[in-house]
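Summary of the model geometry
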Amino acid sequence: MESLPIVDVSAADRDAIAHEIDDACRASGFFVVVGHDVSASLTARVESRAREFFALSDDEKREVAMPHGGRAWRGWFPVGGELTAGVPDMKEGFYFGEELGPDDPRVRAGRPLHGSNLFPRRPPELRAAVLEYVDAVTRLGHALLELMARALGLDEQWFARHLTTDPVVLFRIFHYPPLPAGATPNQWSVGEHTDYGLITILGQDASGGLEVHGPDGWIAAPPVPNGFVVNLGDMLERMTGGRYRSTPHRVRNTTGADRISFPLFLDPAWDADVLPIPGMTDPTSDATGRWDGASVHEWSGTYGDYLLAKVGRVFPALLGEVLPDSTGP
Ligand code: OGA
Ligand code: NI
């Protein structure tokens, strides 16, 4: 495999689409979705407004820095502010999520990572672009989960019923400055990692730089016009007994230009117990061969526990500052 499979979800034959998704999810857990109904102009708006925001001075960006987001875990972090496997990534970013007001029961209950977004003063258009995009891409995520359920021989509403009635939706925009010419081999734009939840849907500009660990080694995942890179998170690997893969990936921006990307993570409900799908095990899967030596199959708990431990590891200082009551990673 040298490139990611492209799945056109506008095709009429749902069984055929589900079959293509099944192949991709078993092989590498990565594919590119085209033929979806997220408008290219909406994606372009997010990209250009994000680029405008990141071009502001750090002083101005600091007005919406993550410590101001509190328990909702929203806002801007500077280059080097997020760690992967303990090493600072060469990126800056902005965390968004579902927009929930102070009266929402989940917010009143103090549920971490739930609450209202921070939006910058400039550019003012970023707010509407992000909120519209999160809605549209979340809908695409649910549509993909329906196809994935079909691919797994479940009824199409299986994920909606068991895990995503009240999903955790996280959205991030990233700016990757070019890696310096003298960058060491272990300096990454994003270090090797897997994603945590169900599915990630990634928009990216024309730069490229994302790499995926396929069965035969690292392969590039360059941009495809109007395509989103879709990949699976740890919870899908766990639920399917390893039949579907949560595959390591990483980013290295060596283009000399500024790269913008924006992943949306559609994840199980915070309080969901993520259990194996009954009857689904894959005897060929080898959890001990995972990139991090950790087994998603041996862990148990709610998705919220898992997510909090993960984000605590990538922002250790912030965890202590805004969620001092959490148990930590
Ligand atoms: C991530 C990720 C890749 C990219 O945020 O989990 O892998 O291209 N991002 O930004
Ligand atoms: Ni990722």
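Presented here is a report on the structure given in the accompanying data block. Just so you know, these numbers come straight off a predicted model, no measurement behind them.

This part covers the packing of aromatic side chains. As enumerated under the stated definition, the model contains 16 aromatic pairs in all. Judged by centre distance (6.4 Å) and plane angle (65 degrees), the rings of F77 and F174 are edge-to-face. Here F77, found in strand β3 (residues 75-77), pairs with F174, found in strand β7 (residues 168-176); they are 97 residues apart in sequence, far enough to count as distant. As far as burial versus exposure is concerned, F77 and F174 are alike and both buried. Each ring, one from Y95 and one from F315, has its centre 5.5 Å from the other, and the planes form 75 degrees; the classification is edge-to-face. With Y95 in strand β6 (residues 92-97) and F315 in the loop between α8 (303-314) and α9 (316-322), this pair connects stretches of sequence that are 220 residues apart. Each member of the pair Y95 and F315 is classed as buried. Clustering of aromatic rings is evident, with ring pairs tying together F53, F54, F94, F96, F119, Y133, F171, F228 and F262. The ring of F174 carries the charged tip of K91 above its face, separated from the ring centre by 5.0 Å. Over the ring of W188 we find R252, and its NZ or CZ is 4.4 Å from the ring centre.

To continue, consider the site of ligand 1. Within the structure, ligand 1 sits among F174, Y176, H193, D195, L202, H249, V251, R259, S261, P263 and F265. Take D195: an N or O atom from its side chain is 3.0 Å from an oxygen atom of ligand 1. Within the contact set of ligand 1, an oxygen atom lies 2.6 Å away from a side-chain nitrogen or oxygen of S261. Here ligand 1 has 290 Å² of accessible area as a free molecule, and 94% of this is covered by the chains. Every element with two or more residues in the shell around ligand 1 is listed here: β7, β13 (249-251) and β14 (259-267). For the shell around ligand 1, the leading source of residues is β14, giving four residues. Each residue belonging to the shell around ligand 1 can be placed in one class, and the counts come to six nonpolar, three polar and two charged.

What follows is about the sheet that holds strand β10 (residues 210-214). A sheet is described by the order of its strands in space; here four strands give the open sequence β8-β13-β10-β11, paired in antiparallel fashion. This sheet does not close on itself; its edge strands, each paired only once, are β8 (190-193) and β11 (217-220). On average, each strand axis in the sheet is inclined to that of its neighbour by 20 degrees, with strand direction left out of account. For β10 and β13, the ladder comprises three bridges, and the chain directions are antiparallel. Residue pairing in the sheet places E211 in a bridge with R250 of β13.

For the rest of this paragraph, the subject is the sheet that holds β7. With mixed pairing, the eight strands of this open sheet are ordered in space as β1-β2-β12-β9-β14-β7-β6-β3. The two strands at the open ends of the sheet, each matched to only one other strand, are β1 (6-8) and β3. Geometrically, the sheet is characterised by an average inter-axis angle of 25 degrees between neighbouring strands, direction not taken into account. Bridge count between β3 and β6: three bridges; the pairing is antiparallel. The residue bridging F77 from the neighbouring strand is G93, located in β6. Packing against the sheet, helix α1 (residues 14-27) makes contact with β1, β2 (30-34) and β12 (228-232), and its axis sits at approximately 160 degrees to β1.

A full pass over the atoms with the stated rule returns 26 salt bridges. For the salt bridge of E60 with R121, the shortest nitrogen-to-oxygen distance reads 3.8 Å. In this pair, E60 sits in helix α3 (residues 58-62) while R121 sits in the loop between α4 (105-108) and α5 (126-151), placing the two residues 61 residues apart along the sequence. Here R111 ties to D166 by a salt bridge, and the two come within 3.7 Å at their closest N and O atoms. Here R111 is found in the loop between α4 and α5, whereas its partner D166 is found in the loop between α6 (158-162) and β7, with 55 residues between them in sequence. Judged by relative accessible area, which is 17%, R111 ranks as buried. Among the charged side chains, a salt-bridge network with shared partners connects R14, D15, E146, R150 and E156.

Inspection of the secondary structure puts R172 in strand β7. Buried within the structure, R172 lacks any salt-bridge partner; its nearest side chain of opposite charge belongs to E82, at an N-O separation of 4.2 Å. Looking at R172, its side chain comes within polar contact range of the side chain of Y95, at 3.2 Å. Setting aside residues up to four positions removed in sequence, R172 forms contacts with E82, F94, Y95, S261, F262, P263 and F265.

Attention now moves to the coordination of the nickel ion (ligand 2). Those donors, H193 (NE2), D195 (OD) and H249 (NE2), are the protein atoms that reach the nickel ion (ligand 2), and they lie 2.0 to 2.1 Å from it. Taken in chain order, the donor set of the nickel ion (ligand 2) reads H-x1-D-x53-H. On the criterion of sequence distance, the pair formed by H193 in strand β8 and H249 in strand β13 is long-range, its members being 56 residues apart. Residue classification places H193 among the buried positions, given a relative accessible area of 17%. According to the relative accessible area criterion, H249 is buried, its value standing at 7%.

How each quantity is defined
Residues numbered from 1 in each chain as written. Chains lettered and ligands numbered in written order. Predicted model: local features only at pLDDT ≥ 70, side-chain atom pairs only at ≥ 80, totals over all residues. Heavy atoms only, no water. Phe/Tyr/Trp six-rings, centres within 6.5 Å; stacked < 30°, edge-to-face > 60°. Helix = DSSP H or I, 4+ residues; strand = E, 2+ residues; numbered from the N terminus. Buried < 20%, exposed > 50% of the residue type's maximum accessible area, 1.4 Å probe, protein only. Lys NZ or Arg CZ within 6 Å of the ring centre and 35° of its normal. Near = heavy atom within 4 Å. Polar contact = N/O pair within 3.5 Å; in protein donor to acceptor, adjacent residues only side chain to side chain. Areas by Shrake-Rupley, 256 points an atom, 1.4 Å probe, with all protein chains shown as cover. Nonpolar A, V, L, I, M, F, W, Y, C, P; charged D, E, K, R; others polar. Pairing = 2+ DSSP bridges. Axes fitted to C-alpha atoms, helices over the stretch in contact; angles between N-to-C directions. Contact = heavy atoms within 4.5 Å. Salt bridge = Lys/Arg side-chain N within 4 Å of Asp/Glu carboxyl O. Lys, Arg positive; Asp, Glu negative; His and termini not counted. Donors = N, O, S within 2.8 Å, 3.2 Å for Na, K, Ca; no water.

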